[in-house]
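Residue-level structural notes
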Amino acid sequence: MGERAAATSVEAMFREERGRLLASLVRRFGDLDLAEEVASEAIEAALVHWPVDGVPSRPGAWLLTTARRKAVDRLRRDQAYAARLAVLQVEADRADPAPPADADGDLPDERLQLFFTCAHPALPAEDRVALTLRCLAGLTTPEVARAFLVPSATMAQRIVRAKKKIREARIPFRVPGADELPERLPGVLQVIYSIFTEGYAASSGPDLQRLDVAEEAIRLARILRRLLPAEREVAGLLGLLLLIHARRAARTGPGGEVVLLDDQDRRRWDRALIAEGADLVVVALTGGPPGAYGVQAAIAALHDEAVDVASTDWPQIVLLYDVLLALAPSPIFALNRAAAIAMRDGPAAGLALLDDLAGEPRLRGYHPYPTARADLLHRLGRFPEAAAAYREALDLVGTDPERAHLLRRLRAVDPADGRL
Amino acid sequence: MKYLLLINAATAEEQCEPASFEDWVVYDKAAKEAGVLVDGHSLADLTTATAVRVGPDGERTITDGPFAETREVLGGYLVIDVPDLDVALDWAARCPGSRGGGSVVVRPIADFES
């Protein structure tokens, strides 16, 4: 115990603090590289001084002061860099004058602008996710690489490329105006959602879910909810993530194997998260037209509140999918709707809808599609066709537990199949 | 910070509701009045283009073209001076060339001074 545990908890605390510090520094210096460098140095200094001198009364202000001093030193050593930043600063002020200092001396939370910069539509989607994890979740580059199961060097290149574009194309650090929010906020939400999805349903690897990645996404959604309390889609997204995450303990068996919704032990669902998520659904769907995350959260809530699959309110779920498809047409939502129809009207009705989606390019290579078809064919007693669809899904599936699950299903319809 | 706006027009068969001359006049006026316009021209028809290449031995090759193999044809450009990419993207979005199947590509101009 002792020092090591203390250091770990200090580092965990700094994850949150680091994002705030970084945002304040970026605001001041307009340069992400410099901000990252001096933020790390300030945190290292804190790790040296705080255990000896005690934690200062305003840790955030201490870190910012320390980091700023280091930035000024750095700029003194590198005049050319300083000159370039001075130009940046003048131009940034021209575009967006600095806010007045906080009256009570507390540090203003400037992370919102960092969210919008990291999720800027001018960056490639994969870079947005990487930057958000690094700058706002406070993950190191190897941690970000691990979250997406890519080599560290690949992730480092991706982050360097993204920062270069921010710097050289001059993507600003600013919160979009109220008129731009409807266009820009979905990009930020999408980043958090895709981080969660990677954790909840890993695209490859030995494990079905990687809970630490999913929890980072929830943490980011909570920060965003505090920063944008009036945005109902932010409430909807956080609600959706909590309502799905509530089932985590029941989603895998003792050996890490897949347990489907039908077979999950619902007593193991996290009631506290379900209650919190359900409250957020109310927030998300009250006071204006519904948004896509709010509706998805409402669907998740109906699942979470049902005692079992049979008593789930499938007619209501189908209606919500109709609303969702009108808001955000997507073959994946259409696939889920077909599965709900199968529960409401029987497998033949669901299968007919799935077959209508056969030519959909976005479902090509998406293993849940052949899996859903296979399950319905199985229920209809059409075993050879079910076996063919399971084989198709097996060729596409990414994680080991899902592969094992599909093999078990395949054996049920074709005991002679020789696959291992 | 200067940005080049490359205005790509959709080819005739792809084009839907091309911008009117009036739209361009309004846009040009707005950019001038905002003080962001550095330079800009529309280009003569692509059939008038000529390409020049010089080989390693200094030999000049002159060819007619290039002709569009892609859906879009460079039809003009603007250089604007604005504080950041978001402002540049706003001017690109206001540009009549970004509508009717066309697109405007925003390229920061490299600054070797700083």
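As the structure is a computational prediction, the values presented were derived from the model and not from experiment.

The rules behind these values
Residues numbered from 1 in each chain as written. Chains lettered and ligands numbered in written order. Predicted model: local features only at pLDDT ≥ 70, side-chain atom pairs only at ≥ 80, totals over all residues. Helix = DSSP H or I, 4+ residues; strand = E, 2+ residues; numbered from the N terminus. Rg over C-alpha atoms; globule rule 2.2 N^0.38 Å. Buried ≥ 20, exposed ≤ 12 C-beta atoms within 10 Å, placed from the backbone. Core = buried A, V, L, I, M, F, W, Y, C linked by C-beta atoms within 7 Å. Contact = placed C-beta atoms within 7 Å. Pairing = 2+ DSSP bridges. Domains from an automatic or database assignment. Nonpolar A, V, L, I, M, F, W, Y, C, P; charged D, E, K, R; others polar.

1. A short note on the overall build of chain A
Per the secondary structure count, chain A includes 20 helices and zero strands. Against the compact-globule benchmark of 22 Å for 420 residues, chain A has a radius of gyration of 24 Å, which places it among compact chains. Along the first, second and third principal axes, the C-alpha atoms of chain A reach 75 × 50 × 40 Å. Within chain A, buried positions represent 40% of all 420 residues.

2. Quick notes on the nonpolar core
Judged by nonpolar contacts, the single largest core of 127 residues is most densely connected at A:Leu25, A:Ile192, A:Ala217, A:Leu237, A:Leu241, A:Ala297 and A:Tyr390. Discounting chain neighbours no more than four positions away, the residues touching A:Ala297 are A:Gly236, A:Gly239, A:Leu240, A:Leu243, A:Gly277, A:Leu280, A:Val281 and A:Ala284.

3. What to know about the pairing of strand S1 (residues 2-10) of chain B
A regular strand places its side chains on the two faces of the sheet in alternate fashion. All names here are of chain B. Where S1 meets strand S5 (residues 72-81), nine bridges bridge the pair, whose relative direction is antiparallel. Paired with leucine 4 across the two strands is valine 79, which belongs to S5. Two elements, S1 and strand S6 (residues 103-108), share six bridges in a ladder whose sense is antiparallel. Counted as the bridge partner of leucine 6 is valine 105 from S6.

4. Let's talk about the domain arrangement of chain A
Residue and element names in this part refer to chain A. According to the domain assignment, chain A contains domain 1 (1-94), domain 2 (112-173 + 182-225), domain 3 (230-329) and domain 4 (339-420). Residue assignment for the side of domain 1 that touches domain 2 shows that the elements contributing at least two residues are helix H1 (3-29) and helix H2 (32-53). Partitioning the side of domain 1 that touches domain 2 into residue classes produces six nonpolar, two polar and six charged.

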